[in-house]
Structures are given as C-alpha cells and as structure tokens.
Amino acid sequence: MSDNNQFEPVIVGFTCNWCSYRAADAAGMARIKYSPNVRLIRLMCSGRIDPQFVLKALSEGADGVLITGCHPGDCHYVEQNYKTLRRYALLKRTLRQMGLEDNRVRLVWASAAEGRILAEEIDKFVSDVRALGPLNWIKMATTTYVDPAPASA
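Residues numbered from 1 in each chain as written. Predicted model: local features only at pLDDT ≥ 70, side-chain atom pairs only at ≥ 80, totals over all residues. Heavy atoms only, no water.

Overview of the state of the cysteines
No. 1: Applying the stated criterion across every chain, the model contains 0 disulfides.
No. 2: Unpaired in terms of disulfides, C16 finds its nearest cysteine sulfur in C70, a separation of 3.5 Å.
No. 3: C45 takes part in no disulfide bond, and the closest cysteine sulfur to it belongs to C75, at a distance of 3.8 Å. (Disulfide = S-S within 2.5 Å.)

Observations regarding the packing of aromatic side chains
No. 1: All told, the structure shown has 1 aromatic pair when counted by the stated rule.
No. 2: Ring geometry for F14 against F53: centres 6.0 Å apart, planes inclined by 35°, an arrangement best described as tilted. Of this pair, F14 sits in strand β1 (residues 11–16) while F53 is found in helix α2 (residues 51–59), placing the two residues 39 residues apart along the sequence.
No. 3: A relative accessible area of 5% places F14 in the buried class.
No. 4: Residue classification places F53 among the partly exposed residues on the basis of a relative accessible area of 36%. (Phe/Tyr/Trp six-rings, centres within 6.5 Å; stacked < 30°, edge-to-face > 60°. Helix = DSSP H or I, 4+ residues; strand = E, 2+ residues; numbered from the N terminus. Buried < 20%, exposed > 50% of the residue type's maximum accessible area, 1.4 Å probe, protein only.)

Quick notes on the nonpolar core
No. 1: Counting residues in each nonpolar core, the largest one holds 19 residues, and the members touching the most others are F14, V54, L58, V65, I67, L95 and V105.
No. 2: Mapped by element, the contributors of at least two residues to this core are β1, α2, β3 (64–69), α3 (80–97) and β4 (105–109).
No. 3: For L58, the residues in contact, after removing those within four places along its chain, are D63, G64, V65, L95, L100, V105, L135 and W137.
No. 4: Counting residues in each nonpolar core, the second largest holds 12 residues, with A23, A24, V108 and A110 among its members. (Core = buried A, V, L, I, M, F, W, Y, C linked by side-chain atoms within 4.5 Å. Contact = heavy atoms within 4.5 Å.)

Looking at helix α1 (residues 20–29)
No. 1: Within the span of α1, buried status applies to S20, A23, A24 and A27. Along α1, the residues classed as buried sweep out an arc of 100° about the axis, all on the same side.
No. 2: Structurally, α1 contributes buried residues whose contacts are with β1, β2 (38–43), β3 and α4 (115–132).
No. 3: Immediately downstream of α1, the backbone of R31 shows phi near 60°, a positive value. (Arc of directions from axis to C-beta.)

A short note on α2
No. 1: Among all positions in α2, only V54, A57 and L58 are buried. Taken end-on, α2 shows its buried residues confined to a sector of 95°, consistent with a single buried face.
No. 2: Following α2 by one or two positions, G61 adopts a phi angle in the positive range, close to 120°.

Without other data, these values stay purely geometric and don't point to any function.
Shown next, in the form of structure tokens:
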C-alpha cells in the first residue's frame, strides 16, 4: 500500500522471448515508463504458458496475470500463439467458474517494435486490477470450512 493507502496490485507478466519481452526491453531503452507493479517472466513463447502457471501466480499472491506474445500469424514457432489464444479462452472460462473477475487475467499481443503499446497496456491492466482491489486468494485458501451441523456421534 502506498502512503495514501491506495491498493497497489502485484502483477505477474508472462512474456514471449521474441516479441513482448523485447518490447518491454525496448520501452526501457527508450525510457518509456510503465507501472513498476508488473514482474515480468520471460518464456521462449507464449505457447509455453501453461494455465497452471497462471493459477500458481494467483494462488501465491498475484492480484492479476498478464500474458503477452507475438501477434497471431507472427509467431516464431509458427502457430503457438494460436494455442495460447485457445488456452486463454479456456482459462478465462475456468476462472469465471471459480468466481474470479474477468479483468484479473489479460492477453496482450505486442511485437518487439511495440514498446510504447506494451507500456500502455501494462498501465491499463494495472489500473483495472487496482480498481478491482486485492484478490486475497491466499487468505481464502487458508480459511477452513466449519460444518454447521456436525454428524452426531
């Protein structure tokens, strides 16, 4: 929390090595500022992002997860970002069924030349998650269930 008690979200960002990670690097080299709330994790391809990575990030304290990769049709591994798109749709449906807000997980396409666009998308995502408030999955996971009517002995 900041001095004015405004919630500051923790965002985990999974980035494609060839495009979106390089876009983040280009933004930094051009001194384009974006929110420091995001922790970027570089993977070789967005197609390597297992939905379990997203669930683990959320269960261990992230308030949101950003998935970024090459634009569809521009993947260095041919069609892996289409796989990412399919997994993302399934992940969003699963998270909705678990009661999670849609805006906590986002997919963004950004080429290596789109540092400014990626920085803007990061800032938008952080703002959206800030408006949602803390996720508190850790607190929810540690809350124990108490049966209101225990079986008689």
